[in-house]
Every structure is written in C-alpha cells, then in structure tokens.
Amino acid sequence: MERSSSEEVTPSEGTVLINPNPNMTSSSLLRPEWPTIDGPLGLSEEDSVGYARKFFGFGFLLLPLLWAVNCYYFWPVLRHSTSFRRIRPYVVGSAIGLTVFSAMLASWSLTFTIGGERLFGHTWDELVMYNVADRYGLTGLF
Amino acid sequence: MDQNHRNTGILHTLGEEIIRIITPVSICMLSVVILVSILDKDSSLSSSVSTIATIAYTETTSDSEWDKFKGALLNSLVFVAVVTVVTFLLVVLFYFNCTKFLKYYMGFSAFLVLGFMGGEIGVFLIQVYSVAIDCFTYVLLLLNFTIVGVLAVFMSKIPIFVTQSYMVVIGVLTAYWFTMLPEWTTWVLLVAMALYDLAAVLLPGGPLRLLVELAISRDEDIPALVYEARPVIDPRSNATVQRRVWRDRPVNVEAQSRPQVDTETVGSSRNVEEGRVNELSVPLIERLRERGVEPESLGLEGIGLASTGAIKLGLGDFIFYSVLVGRAAMYDFMTVYACYIAIIAGLGITLVLLAVYQKALPALPVSVMLGVLFYVLTRFFLEDFVVQCSSNLLMF
C-alpha cells in the first residue's frame, strides 16, 4: 500500500504523524515520521526539539560523547536532509562539533602515543596514565 | 478461545523475547569471563578487598575447609541481612513517595560504579597492555563515559540501545568486583542470595513482594536499575504503546479504530504471524531487590513483563549470573561452559514459568542452583573424566 501525498505533514505544525502503513521503505524520497532512531518507541517531534537542543548545549561542557549520542538518536533527522526543520540545526551542529572535537583529541592523543619520550622528554613519563596510576595509588581504591 | 489465543501468542513471541534477553545476559557473562581471564594473573588483589561481604571473616589460604565454610556462611548471612534491611528501607521510602530521592540515588550509584570501578578496571587494563595513553585523554574519556551513563540511567529519553549497553556495562563492572571476593564466600553468597530472592519475592511478607504490590496499587514504575528488552512492536499499529503497569487490553489508537473482536475473527494465521505480546493481558510487574554493593545501588532482581510486554530482567540477576560464571572462569574454562549452559537453561525455565504463572518471579534460584550444581559436578567429576580420556587418547 503506497502512502498518499495527502498524508504529508510539515514539521512546523509540530503534529505527530501516525502512519497506518506498515510498509515504510527507507528510501530518501519518503519522509520518515519518527525523528528518533527508536521509531515509535522514541520521542515525538515536539519533544525532540527540546532534547536535541539540550544535548547540543551540554555537549559544549567537554562532552563529545553526548554529541555522538545526539547524532545517533536523531539519525533519521541527519539522514533525510529535508525533514524536521526544527530539530535539524541542533543535530547537524552536534555532528560538526563531534568531528572537530574528535579530530583535536585524536591529534593530541596520537602525538602523545607515537611521539613518546623522543618528543616530550621526561614529561612523557609524568603524563602517561600507568605511571600516574602508580604514583597516586589509583588501583587500590576498592 | 481466548485462552488458546493467549497461549499461542505467548509461544510465538516468547522466542524473540527470549533471544532479546539472553543476548545481553550472554554478553555480560562473556565480558566478565574475559576480564577475569585477563586480570586474574596476580592473586594479591583478592586479599585486599574488604567490604560488607567479608566483614565477618576474611578467608586465608591456611584455614581448613570447614573453617572456610563456616566463615563463608557467616559472611553470607551478614550480607543477606544487610540486603534485607536495605530492601525494607526501600519499601518504606517508596511507600512515602520518595521516588525522586530514589532516582537520584540510582544516578549517584551508577556514577560511582561507572566512574570509579570503570576507571579502576580501565587502569588495570592499561597496565596489563601498557597502553601509552596520557592522563588527560583518559580522564576526559572516562568523564564522558560516566556522565552519559548517568544520563542513560536517569532519563528515559536516551536511545534504547545506549541504555541497554550501559546496563550491561554496569552489570559487568559490579560482577567483576564481586569476583574479587574469596572463593568460598562467593559460592555460599550466591546460594544465600538465591534463597533470599526466593523468599523475598514469593513469601507474603517479603520486601520485594510488598514493593511490587505497592507499585501495582499506585500504578507507578519502581525506580530501579532494570534491563528492559526492546518490546515487540506490532507492525500494523506503529502507534506509541502506552506505558502502564497493569493492562488488560492494549489501549492504543488502533484498538479504538478497530475493535479487538475484529482482530480475533480475522483468522488465526494473521494473529499467529504477528505474535503481538501486547494483545495478551500482561499483569506483570518487576520486583525490586537491593544489590548490596559498596555503593548500595538499586538493583532490580527477578523477571517480569513490562507494560509493553517486553521482558524486564533485574540488574542483580545479570550481576549474580556473571559472578557465577566469572568464578567458574577462575578455575578453568570447562566449568565456564558448563555453568553458562546451566544458567541459560535456568533462565529459559524461569521464562517458561513466567509465561505459565503470569506473576513476578525470582530469576536467581533456578539458574544459580543449576549453576552451582554443574560447577561442582564439572570440577570434581567431569574434569577428571575428560582428562583421563584425553590422556589415554580415547576422546578429546
């Protein structure tokens, strides 16, 4: 059963579209009705805006994983570029933030690991995690 | 007949539901076995663990077996007593509607488990593999991991997959911590917890049963650490299933537009194909049990069906299954396989009983008893047999 075009609802109205058609294809031409990856078990569209905004905002507190969760959660929003116009800015922002942060973190971390003592001198020994753990006795906490 | 229809429905959806609950349990057990095999090289760790579970008696290798057994028994009694007291406390708090406090406490204990225990195990792994990571990156990653985990436990608006993964991770970390207890204490503790679970859920005065009845009468969800399997969604309806604890018939958009009588007369093949669990009456609720760990987090133990028909398994069950298998791994892998089979069989039996009795059931007793039995049999009889056969080139 094909979806008729009269069932198209614009996201700006903020209404929840309930689709009686079970044969949803995942082609990018059809507009997905649920903004979250959980589908009908996830959030409705108007709730999603608040959550997307909050995840995006809190991610700035050095929490790139929160941005990643945001992108994963609202994957249908990312994938279908013309839908959910209210949610999309936050999710795209999270994706960009995640890429930038990961690039910075990876570059620092790889420099540290690969450079090693040759590059850092004796501070490498002070910064590397297993020495820090030994120094502060972190393995005996429990 | 409604009864037949209900039974067919259960049988058909039970397969998928069983897989959706056995997979995380297996992943949890596998992770604990791997952690135990990697990190068990030095046994000096076990002597430094002092917790509630070893408060009565600390096992030393020089004691006789009878002394060890008595000490372990004492330890377990103390532990079970503490757990009982804390569970009754929980019932009282829930009775006085301190649900907010319970939620915050849950979040706090998740923070402790993920942050401190996770960090410590991470450091162990780094030391074993000499990973040259610097402390800033490590702390940043750990902080991220912990905070997102606390959010996953706290809020329900996180992707289901992320919440489920964090539940499994919390189970793995706590189970690994429990395997650091002395050997006799661990085994007697497992048996004691199985018996406690049986009593707490099924006896009329048991704290878990009281909690469950309170939750039913108020039509509320108990705030607890529970693994909830993804519910089987009917492809016809796609409407969000309402979340209520007690439900006789699903109240959703489809039911209003199409009366239930209609679906039943449409032909049994269609209903069988769909296997909608939420067409059955699902009067099941989860039970709450205290997981008496250092951070006394709320573990939900036992098995039940959520309002959507999805199976809920308490985190305490994950933990004790994994402790059993982890302890078996400290001896040999043969015991691991035997105990794994025993636990999965026990879980299957519990699920069948759940379908038959339609009430909240303890998930520990059957699995743990079978697991302990198989461990003893394997360690003392099967291993000898297999080794003798192999060394005589009879069977490998």
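Residues numbered from 1 in each chain as written. Chains lettered and ligands numbered in written order. Predicted model: local features only at pLDDT ≥ 70, side-chain atom pairs only at ≥ 80, totals over all residues. Heavy atoms only, no water.

## A short note on the nonpolar core
Right, on to step 1. Core analysis: the biggest nonpolar cluster contains 88 residues, and Ile87 of chain A together with Ile21, Phe178, Met193, Phe318, Tyr321 and Leu324 of chain B have the highest contact counts within it.
Right, on to step 2. Residue contributions to this core peak at 11 residues, all from helix H6 (residues 160–178) of chain B. (Core = buried A, V, L, I, M, F, W, Y, C linked by side-chain atoms within 4.5 Å. Buried < 20%, exposed > 50% of the residue type's maximum accessible area, 1.4 Å probe, protein only. Helix = DSSP H or I, 4+ residues; strand = E, 2+ residues; numbered from the N terminus.)

## Quick notes on the packing of helix H3 (residues 65–95) of chain B against helix H7 (residues 183–202) of chain B
Residues and elements named next belong to chain B.
Right, on to step 1. The N-to-C vectors of H3 and H7 enclose an angle of 40 degrees; their axes lie 8 Å apart at closest approach. Considering the angle they form, H3 stands oblique to H7. Judged by the sense of rotation from one axis to the other, the crossing of H3 with H7 is right-handed. Facing H3, whose interface residues are Glu65, Lys68, Phe69, Ala72, Leu73, Asn75, Ser76, Phe79, Val80, Val83, Thr84 and Thr87, H7 presents Trp184, Thr185, Val188, Leu189, Ala192, Met193 and Tyr196.
Right, on to step 2. Grouping the constituent residues of the contact of H3 with H7 by class yields 12 nonpolar, 5 polar and 2 charged. (Axes fitted to C-alpha atoms, helices over the stretch in contact; angles between N-to-C directions. Parallel < 35°, antiparallel > 145°, perpendicular 65-115°, else oblique. Left-handed = near helix turned anticlockwise from the far one by under 90°. Contact = heavy atoms within 4.5 Å. Nonpolar A, V, L, I, M, F, W, Y, C, P; charged D, E, K, R; others polar.)

## Brief notes about unusual backbone geometry
Residues and elements named next belong to chain B.
Right, on to step 1. Notably, Ser130 is not glycine yet its phi reads approximately 50 degrees, a positive angle.
Right, on to step 2. Structurally, Ser130 can be placed in the loop between helix H4 (99–129) and helix H5 (135–154).
Right, on to step 3. Phi at Gln358 is positive, roughly 55 degrees, even though this residue is not glycine.
Right, on to step 4. Considering the arrangement of structural elements, one finds Gln358 in the loop between helix H13 (333–357) and helix H14 (364–391).

## Comments concerning the side chain of Thr146 of chain B
Right, on to step 1. By secondary structure assignment, the location of Thr146 of chain B is in helix H5.
Right, on to step 2. Residues within four places of Thr146 of chain B in sequence aside, it is in contact with Phe111, Leu114 and Gly115 of chain B.

## Examining the environment of Glu46 of chain A
Right, on to step 1. In this structure, Glu46 of chain A sits in helix H1 (residues 45–58).
Right, on to step 2. The spacing of Glu46 of chain A and Val100 of chain A is 54 residues in sequence and 29 Å in space, taken between C-alpha atoms.

## Re the packing of helix H2 (residues 64–73) of chain A against H5 of chain B
Right, on to step 1. At their nearest, the axes of H2 of chain A and H5 of chain B sit 8 Å apart, and the two run at 45 degrees to each other. With respect to each other, H2 of chain A and H5 of chain B are oriented oblique. Here Pro64, Leu65, Leu66 and Val69 of chain A of H2 of chain A lie close against H5 of chain B, whose contacting residues are Asn144, Phe145, Val148 and Leu151 of chain B.
Right, on to step 2. Tallied by class, residues from the contact of H2 of chain A with H5 of chain B come to 7 nonpolar, 1 polar and no charged.

## Comments concerning the environment of Gly97 of chain A
Right, on to step 1. Looking at where Gly97 of chain A falls in the secondary structure, it is placed in helix H4 (residues 88–120).
Right, on to step 2. For the pair formed by Gly97 of chain A and Pro35 of chain A, sequence separation is 62 residues and the distance between their alpha carbons is 20 Å.

## Re the interface of chain B and chain A
Right, on to step 1. Across the contact, 41 residues belong to chain B and 39 residues belong to chain A.
Right, on to step 2. Summed over both sides, the interface between chain B and chain A buries roughly 3,600 Å², with carbon and sulfur atoms accounting for 72% of that surface.
Right, on to step 3. For the pair chain B and chain A, the interface holds 0 salt bridges.
Right, on to step 4. Here chain B is connected to chain A by 8 residue pairs in polar contact (both at pLDDT 80 or more).
Right, on to step 5. Residue assignment for the side of chain B that touches chain A shows that the elements contributing at least two residues are H4, H5 and H6 of chain B.
Right, on to step 6. Broken down by element, the side of chain B that touches chain A gets its largest block of residues, 11 residues, from H5 of chain B. (Buried area = accessible area lost by both parts, 1.4 Å probe. Salt bridge = Lys/Arg side-chain N within 4 Å of Asp/Glu carboxyl O. Polar contact = N/O pair within 3.5 Å; in protein donor to acceptor, adjacent residues only side chain to side chain.)

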